[in-house]
Amino acid sequence: MTDGAVPSEGVLIVGAGPTGLTLAIELARRGAGVRIVDAAPAPHRESRGKGLQPRTLEVLEDVGVTERVLATGTTRLPFRKYFDGARVNDTDPFADARPTPDAPYERGVLIGQWQVEEILRERLAEFGVRVEGGTEVTGFEQDEDGVTAVLACGERIRAGHLVGCDGGRSRVRKAMGVRFDGTTDETQSMVVGDVEAAGISRDVWHQWFASDGSGVMLCPMPGTNSFQFQAGPELDAGGDPLPPSLEGFQRIFDRYAQVPGITLTDPTWLSLWRVNVRMVDRMRVGRVFLAGDAAHIHPIAGGLGMNTGIQDAYNLGWKLALATAGQAGPGLLDTYEEERLPVAAWTLGITSDLYARVREAVKEPGTGVEAAAPPPMGTGYRWSSLAAPATIGDPAVLRPGDRAPDAPCLDASGNLVRLFQVYADPRFTLLGFGAEVADAVGKLAVGREDLLQAFTVDGDGGDLHDHEGHTRRAYGIEASAPALVLVRPDNHIALLTRNPAEIANYLTQITIFTPKE
């Protein structure tokens, strides 16, 4: 241990936003030592990123908080569009969306970022871990055995690994020396904040636009009296954005909404947002990692920022937990960057396109932010070295690297259980379809209890019964055909095969593992 450092087991997380909190939970629920610090002395209460995508809800179900998120937020909020002050229409772009057996969340949820963080902090506390506020990391040193972080107060913390989840101005990223390539467009900016507006309906998301594409939006934040205010900023005589203020918000509102008698009050957050499109060239340097906005920032169109960070953490968590336990095989931690860096690049590209699209679309009456609806995110990592070649199944339905679908089954007692409930266990999951592989499933599980949970599906006395055939259809397995499906701890397909030896070889290759006698 470095002289003067306070010992700390496991992982030090810098930054307690949604990304850092999700990562801390993922580590804590796997028994890894974790310490999470944040420079802010207390949690904020700002709406910021206000939407969670369906795939993120799946992730948060595995983390154990989706029910709380759905109880706090709302999944149904019509968009009310106005043009030049006149009401044009109300639309719900997800009105026809329905849950399916393989995808239980058909739409996202509107919820303030501070509320997401509060829920995640509560969940983290259930594992006995709490955020250390007012604790600023100013730098770090690393060696072969660990990382020593330096705090503003002079304290030094020793950990096995360090993860920077400290936002777009990340000190961890700067200390790592990685590039943060991209652009900042000073000409495209937005004022955003949380205000109250008595007399305005809270049943819809109000979107006032003009023929030049300018306008203002008021989105009611569930569980509060506030609206999130979004608009182009006022400009000074030189054409530069004026600092956000309640008086400025009121002038902008009056200009575009043209609703007399409405006064904006009680601002709890006022901010100026600029279009930044940047990402790192690396997400790992030795024992130090980056996640969330510390690694990539992009336009707000599509609401992917908080979601991408949470999914970064979900990918990294199980890998770091295995590393902390001494079970990660050579190269496993490298797959974090291998899998998530392409996702960051995709996110920057798609959000830039969506931002440009919505800026043009709102110049037409009746069009609002639904023009920025993104394609599904978090669908998988087919390019990954962790995606073993499939020897069975229908590649048009499912391939290794893809997100593992949900499906309803019956357990051995005849009770309904979803695969997502089964996968909530933090280990790998093995599904064995058909009586032909039942013995192999049992043998593969022996001695691997800390790494693998295994279930037979169908067959005599199976652990799970695919009573409606949804599981076989979702996984591209023909009726009555034998199959082995290995699912990663982050609920992605690792392997599709009939050969038990391929399962054993896969686990041996990515983990340091000795079966128990």
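Here the structure is a predicted model, which is why all the values come from computation and not from measurement.

Regarding the overall build of the protein chain
Along the backbone of the protein chain there are 12 helices and 26 strands. Compactness check: the protein chain gives a C-alpha radius of gyration of 24 Å against a globular reference of 24 Å for 517 residues, within 12% of the reference. Taken over the C-alpha atoms alone, the protein chain extends approximately 75 × 60 × 35 Å along its principal axes. A fraction of 70% describes how many contacts in the protein chain between residues 6 or more apart in sequence connect residues 24 or more apart. Taken as a whole, the protein chain presents about 21,200 Å² of accessible surface, with 50% of it coming from carbon and sulfur. Taking the average location of the 49 positive side-chain charges in the protein chain and that of its 69 negative ones, the two points are 1 Å from each other.

Description of the packing of aromatic side chains
Scanning all chains against the criterion turns up seven aromatic pairs. Centroid distance Phe-289 to Tyr-336: 6.1 Å. Interplanar angle 65 degrees. Geometry classified as edge-to-face. Linking Phe-289 in strand E18 (residues 288–290) with Tyr-336 in helix H8 (residues 334–361), this pair joins segments that are 47 residues apart in sequence. You can call Tyr-336 buried: its relative accessible area is 1%. Relative to Trp-383, the ring of Tyr-381 has its centre 5.8 Å away and its plane inclined at 85 degrees; by these criteria the two rings are edge-to-face. Here Trp-383 falls in the partly exposed class, since its relative accessible area comes to 44%. Taken together, the aromatic side chains of Tyr-82, Trp-208 and Phe-253 make up a single cluster linked through ring pairs. One cation-aromatic arrangement involves Arg-45 over Trp-114; the distance from NZ or CZ to the ring centre is 3.9 Å. Directly above the ring of Phe-180 sits Arg-173, whose terminal nitrogen or CZ lies 3.6 Å from the centroid.

Let's talk about the nonpolar core
Of all hydrophobic cores here, the largest spans 72 residues; its most connected members are Ile-13, Leu-27, Leu-52, Val-69, Leu-162 and Val-163. Counting residues per element, this core draws most heavily on helix H7 (residues 305–324), at seven residues. The contacts of Val-69, once residues within four sequence positions are left out, are Leu-52, Leu-57, Leu-60, Val-109, Ile-111 and Ile-119. Core analysis: the second largest hydrophobic core is formed by 24 residues, Cys-409, Ala-483, Val-485 and Ile-493 among them.

Details of the sheet that holds strand E2 (residues 11–14)
Reading across the sheet, the five strands line up as E3-E2-E11-E18-E17 and stay open at both edges, with mixed pairing between neighbours. Only two strands of the sheet have a single partner each, and these edge strands are strand E3 (34–37) and strand E17 (284–285). Pairing analysis gives four bridges linking E2 to strand E11 (residues 161–164), with the strands arranged parallel. Considered in E11, the bridge of Leu-12 is made with Leu-162.

Remarks on the pattern of salt bridges
Per the stated rule, a full pass over the model turns up 32 salt bridges. Ionic pairing is found between Arg-171 and Glu-136, a salt bridge with its closest N-O pair at 3.1 Å. Taken together, the positions of Arg-171 in helix H5 (residues 171–176) and Glu-136 in the loop between helix H4 (113–125) and strand E8 (137–142) put the pair 35 residues apart, joining distant regions of the chain. Exposure remark for Glu-136: the relative accessible area of 31% places this residue in the partly exposed category. When the shortest N-O distance is used, the salt bridge between Asp-402 and Arg-382 registers 2.7 Å. With a gap of 20 residues between them, Asp-402 in the loop between H8 and strand E20 (408–411) and Arg-382 in the loop between H8 and E20 connect regions that are remote in the sequence.

What about the environment of Thr-508?
Here Thr-508 is to be found in helix H12 (residues 500–510). By relative accessible area, Thr-508 is classed as partly exposed at 46%. With 215 residues separating them in the primary sequence, Thr-508 and Asp-293 have C-alpha atoms 34 Å apart.

Looking at the packing of helix H1 (residues 18–28) against H7
With their axes 8 Å apart at the nearest point, H1 and H7 run at an angle of 25 degrees to one another. Taken together, the axis directions place H1 and H7 in an arrangement best described as roughly parallel. For the crossing formed where H1 meets H7, the hand is right-handed. Within the contact between the two elements, H1 uses Pro-18, Thr-19, Thr-22, Leu-23, Glu-26 and Leu-27 and H7 uses Met-306, Gly-309, Ile-310, Ala-313, Tyr-314, Leu-316, Gly-317, Leu-320 and Ala-321.

Observations concerning the packing of helix H2 (residues 54–63) against H7
Relative placement of two packed helices is described by the angle separating their axes and the distance separating the axes. Their axes nearest at 10 Å, the elements H2 and H7 cross at an angle of 40 degrees. Judged on the interaxial angle alone, H7 and H2 are oblique. Viewed along their axes, H2 and H7 form a crossing whose handedness is left-handed. Contact residues: Arg-55, Thr-56, Val-59, Leu-60 and Asp-62 in H2; Asn-307, Ile-310, Gln-311 and Tyr-314 in H7.

So, unusual backbone geometry
Non-glycine residue Asp-84 carries a positive phi angle of around 50 degrees. Of note, Asp-84 is situated in the loop between strand E5 (79–83) and strand E6 (86–91). Despite not being glycine, Asn-491 shows a phi value in the positive range, around 60 degrees. If you trace the backbone, Asn-491 turns up in the loop between strand E25 (483–487) and strand E26 (493–497).

Some points on the side chain of Arg-158
Note on placement: Arg-158 falls in strand E10 (residues 156–159). Engagement of the side chain of Arg-158 in a polar contact is seen with the side chain of Thr-148, the distance being 2.9 Å.

Digging into the environment of Leu-451
Mapped onto the elements, Leu-451 comes out in the loop between helix H10 (438–445) and strand E23 (452–457). Spatially, the C-alpha atoms of Leu-451 and Ala-328 are 11 Å apart, while their sequence positions differ by 123 residues.

Observations regarding H12
Inspection of H12 places Ile-503, Ala-504, Tyr-506, Leu-507 and Ile-510 among the buried residues, and these make up the whole buried set. Axial view of H12: buried residues confined to an arc of 160 degrees, hence all on one face. Near the N-terminus of H12, the side chain that reaches the backbone nitrogen of Ala-501, with its oxygen 2.9 Å away, is that of Asn-499.

A few points about the pairing of strand E13 (residues 205–209)
Across the five residues of E13, five count as buried, placing the element largely inside the fold. Both faces of E13 are covered, namely the face carrying Trp-205, Gln-207 and Phe-209 and the face carrying His-206 and Trp-208. Of the strand pairs in this sheet, E5 and E13 are connected by five bridges, and their pairing is parallel. Residue pairing for E13: Lys-81 is matched across the bridge by Gln-207. Where E13 lies against strand E14 (residues 215–220), four bridges are found, and the strand directions are antiparallel. When the bridges of E14 are listed, Phe-209 appears paired with Gly-215. As consecutive antiparallel partners, E13 and E14 are separated by five residues, and within that stretch Gly-213 has a phi angle of approximately 90 degrees, a positive value.

About the cut-offs
Residues numbered from 1 in each chain as written. Predicted model: local features only at pLDDT ≥ 70, side-chain atom pairs only at ≥ 80, totals over all residues. Heavy atoms only, no water. Helix = DSSP H or I, 4+ residues; strand = E, 2+ residues; numbered from the N terminus. Rg over C-alpha atoms; globule rule 2.2 N^0.38 Å. Contact = heavy atoms within 4.5 Å. Areas by Shrake-Rupley, 256 points an atom, 1.4 Å probe, with all protein chains shown as cover. Lys, Arg positive; Asp, Glu negative; His and termini not counted. Charge placed at Lys NZ, Arg CZ, Asp CG, Glu CD. Phe/Tyr/Trp six-rings, centres within 6.5 Å; stacked < 30°, edge-to-face > 60°. Buried < 20%, exposed > 50% of the residue type's maximum accessible area, 1.4 Å probe, protein only. Lys NZ or Arg CZ within 6 Å of the ring centre and 35° of its normal. Core = buried A, V, L, I, M, F, W, Y, C linked by side-chain atoms within 4.5 Å. Pairing = 2+ DSSP bridges. Salt bridge = Lys/Arg side-chain N within 4 Å of Asp/Glu carboxyl O. Axes fitted to C-alpha atoms, helices over the stretch in contact; angles between N-to-C directions. Parallel < 35°, antiparallel > 145°, perpendicular 65-115°, else oblique. Left-handed = near helix turned anticlockwise from the far one by under 90°. Polar contact = N/O pair within 3.5 Å; in protein donor to acceptor, adjacent residues only side chain to side chain. Arc of directions from axis to C-beta.

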